[in-house]
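What follows is each chain in one-letter form.
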Amino acid sequence: MPDHTPTVACHVLDTGYCLAHENMVLRGGKRTSIQCHSIVALLHHPQQGWLLWDTGYAPRMWDVTARWPFSLYRRATPLHIQPELAVIAQLDRFGLAPADVRTIIVSHFHADHIAGLRDFPRSTFVTTEAAYADVRQRQGFAALRRAFIPALLPDDFADRAQLLPRFSGPALPGLGATHDLFGDGSLLLVELPGHACGQIGLLAQTDSGPVLFAADSCWHSRSIRERRPPHPLTYLFVDDSRAVRTTIEALHQFAAARPDVRIVPSHCPEAFAREVGS
Ligand SMILES: [Zn+2]
Ligand SMILES: [Zn+2]
């Protein structure tokens, strides 16, 4: 990282969890239930102010999954959500109001990453053209098949969104081209294809060292370390199963080349224990 690259303050927050079987999350894992928390990161850039990496769960998940067919979502992933864990409820302890969050990076449009978007009526959204194009017309079952719940998207999402084309900035080892969000090297977006169309990760130069937020490229850090993908059954719900495996390989290469970077998949129990302050 060049000398002039600023660092960002970084607070990794828990927004609730769902239960999943370890052998689904990780091929060859145990048949026991594990808690898959949905984390978000509240970041402060010295010039660009406050921003969020995803918005996680929020209590409106109960409303939007009350009716068929979205009630199936709740049955497939039993939710453990508390109002005080919504991002908006956690802003208080940082002395922030929703309008203070200028930018929200949307890793992908699965419900467990976008449920809090409506709590931020003034923020600008950053995501990829590909991710938004894949979900914008989806309703009913076509949406549910992609774990997308249209009612979670703010009505003026398109007006406030900065939709990024394919990335062309300097490459990260293994992972390829980046997009430098503020042009100063502090926050680099990178494509993580497979799990969801147009999914992105974020390499943040934080006050406590570099962190790669890896979204749902995998659900457990062991996938990256041991090059072990999730159970093939989970491929029923992903955008491109071949790309899921390729991206896990790419992360394995990145981890070998950049051992200084802490990698944080959004639902990994190991990363959760390490990164989320008690
Ligand atoms: Zn996802
Ligand atoms: Zn997720």
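If you're wondering where the values come from, they're calculated on a predicted model, not measured in any experiment.

About the criteria used
Residues numbered from 1 in each chain as written. Chains lettered and ligands numbered in written order. Predicted model: local features only at pLDDT ≥ 70, side-chain atom pairs only at ≥ 80, totals over all residues. Heavy atoms only, no water. Phe/Tyr/Trp six-rings, centres within 6.5 Å; stacked < 30°, edge-to-face > 60°. Helix = DSSP H or I, 4+ residues; strand = E, 2+ residues; numbered from the N terminus. Buried < 20%, exposed > 50% of the residue type's maximum accessible area, 1.4 Å probe, protein only. Donors = N, O, S within 2.8 Å, 3.2 Å for Na, K, Ca; no water. Tetrahedral: all angles 85-135°; square planar, octahedral: opposite > 155°, others 65-115°. Pairing = 2+ DSSP bridges. Salt bridge = Lys/Arg side-chain N within 4 Å of Asp/Glu carboxyl O. Core = buried A, V, L, I, M, F, W, Y, C linked by side-chain atoms within 4.5 Å. Contact = heavy atoms within 4.5 Å. Polar contact = N/O pair within 3.5 Å; in protein donor to acceptor, adjacent residues only side chain to side chain.

## Observations regarding the packing of aromatic side chains
Thinking step 1. For the structure on display, the rule yields 7 aromatic pairs.
Thinking step 2. Between Trp53 and Phe213 the ring centres are 6.1 Å apart and the planes differ by 35°, which places this aromatic pair in the tilted class. Taken together, the positions of Trp53 in strand β3 (residues 49-53) and Phe213 in strand β12 (residues 209-213) put the pair 160 residues apart, joining distant regions of the chain. You'll find Trp53 and Phe213 in the same group, each marked buried.
Thinking step 3. Here the aromatic rings of Tyr132 and Phe157 are separated by 5.2 Å at their centres, their planes lie at 35°, and the arrangement is tilted. With Tyr132 in helix α6 (residues 129-135) and Phe157 in helix α8 (residues 157-160), the pair connects residues that are 25 residues apart, well separated along the chain.

## Comments concerning the coordination of the zinc ion (ligand 1)
Thinking step 1. Taken together, the protein donors to the zinc ion (ligand 1) comprise His108 (NE2), His110 (ND1), His195 (NE2) and Asp216 (OD), at separations of 2.1 to 2.2 Å.
Thinking step 2. Geometry at the zinc ion (ligand 1) is irregular, judged from its 4 donor atoms and the angles of 89 to 166° they form at the metal.
Thinking step 3. Donor residues for the zinc ion (ligand 1), ordered by position in the chain, follow H-x1-H-x84-H-x20-D.

## Digging into the pairing of strand β9 (residues 176-180)
Thinking step 1. Examined bridge by bridge, strand β8 (residues 169-172) and β9 share 2 bridges and lie antiparallel to one another. Considered in β9, the bridge of Leu172 is made with Gly176.
Thinking step 2. Between β8 and β9, which follow one another and run antiparallel, lie 3 residues, and Gly174 among them has a positive phi close to 80°.
Thinking step 3. Relative to strand β10 (residues 187-191), β9 runs antiparallel, the two sharing 3 bridges. If you follow Asp180 over to β10, its bridge partner there is Leu188.
Thinking step 4. What sits between β9 and β10 in their antiparallel hairpin is a turn of 6 residues, with Gly183 showing a positive phi close to 70°.

## Digging into the pattern of salt bridges
Thinking step 1. Scanning the model with the defined rule gives 12 salt bridges in all.
Thinking step 2. Glu249 is paired through a salt bridge with Arg227; the nearest N and O atoms lie 2.8 Å apart. Here the residue Glu249 occupies a position in helix α10 (residues 241-257), and Arg227 occupies one in the loop between α9 (221-225) and α10, the gap between them amounting to 22 residues.

## A word on the nonpolar core
Thinking step 1. Formed by 45 residues in total, the largest nonpolar core has its most connected members in Met61 and Phe109.
Thinking step 2. Among the elements of the structure, β1 (9-21), β2 (33-45), β3, α2 (60-64), β5 (101-105), α5 (111-114), α6 and α7 (140-144) are those that each provide at least two residues to this core.
Thinking step 3. The element contributing the most residues to this core is β2, with 4 residues.
Thinking step 4. What Phe109 contacts, discounting residues up to four positions off in sequence, is Ile114, Thr127, Ala131, Tyr132, Val135, Ala147, Phe148, Leu153 and Phe157.
Thinking step 5. Grouped together as the second largest cluster of nonpolar side chains are 25 residues, Trp53, Ala204, Ala215 and Val264 included.

## Description of the side chain of Thr15
Thinking step 1. If you trace the backbone, Thr15 turns up in strand β1.
Thinking step 2. Residue Thr15 is classed as buried on the basis of its relative accessible area, which comes to 0%.
Thinking step 3. Engagement of the side chain of Thr15 in a polar contact is seen with the backbone oxygen of Ser38, the distance being 2.7 Å.
Thinking step 4. Of the polar contacts made by the side chain of Thr15, one reaches the backbone nitrogen of Tyr57; its length is 2.9 Å.

## Here's the deal with the environment of Ser123
Thinking step 1. Within the secondary structure, Ser123 is located in the loop between α5 and β6 (124-128).
Thinking step 2. Its relative accessible area of 0% is what places Ser123 among the buried residues.
Thinking step 3. Residues Ser123 and Gln82 lie 41 residues apart in sequence; the distance between their C-alpha atoms is 23 Å.
Thinking step 4. Sequence-distant contacts of Ser123, that is, excluding residues within four places in its chain, are made with Pro98, Val101, Arg102, Ile104 and Arg160.
Thinking step 5. Looking at Ser123, its side chain comes within polar contact range of the main-chain oxygen of Val101, at 2.7 Å.

## Comments concerning the sheet that holds β1
Thinking step 1. The mixed open sheet is built from 7 strands, whose spatial order is β4-β1-β2-β3-β5-β6-β7. One side of each edge strand has no neighbouring strand; the edge strands of this open sheet are β4 (79-80) and β7 (161-164).
Thinking step 2. Two elements, β5 and β6, share 3 bridges in a ladder whose sense is parallel. Within the sheet, the bridge partner assigned to Ile105 lies in β6 and is Val126.

## As for the coordination of the zinc ion (ligand 2)
Thinking step 1. For the zinc ion (ligand 2), every protein donor is listed as Asp112 (OD), His113 (NE2), Asp216 (OD) and His267 (NE2), and the spread of their distances is 2.0 to 2.1 Å.
Thinking step 2. The site at the zinc ion (ligand 2) holds 4 donor atoms, and with the angles between them running 86 to 159°, its shape is irregular.
Thinking step 3. Each donor residue of the zinc ion (ligand 2) belongs to the same chain, and together they define the spacing D-H-x102-D-x50-H.
Thinking step 4. The zinc ion (ligand 1) is placed at 3.3 Å from the zinc ion (ligand 2), the two being bridged by Asp216.

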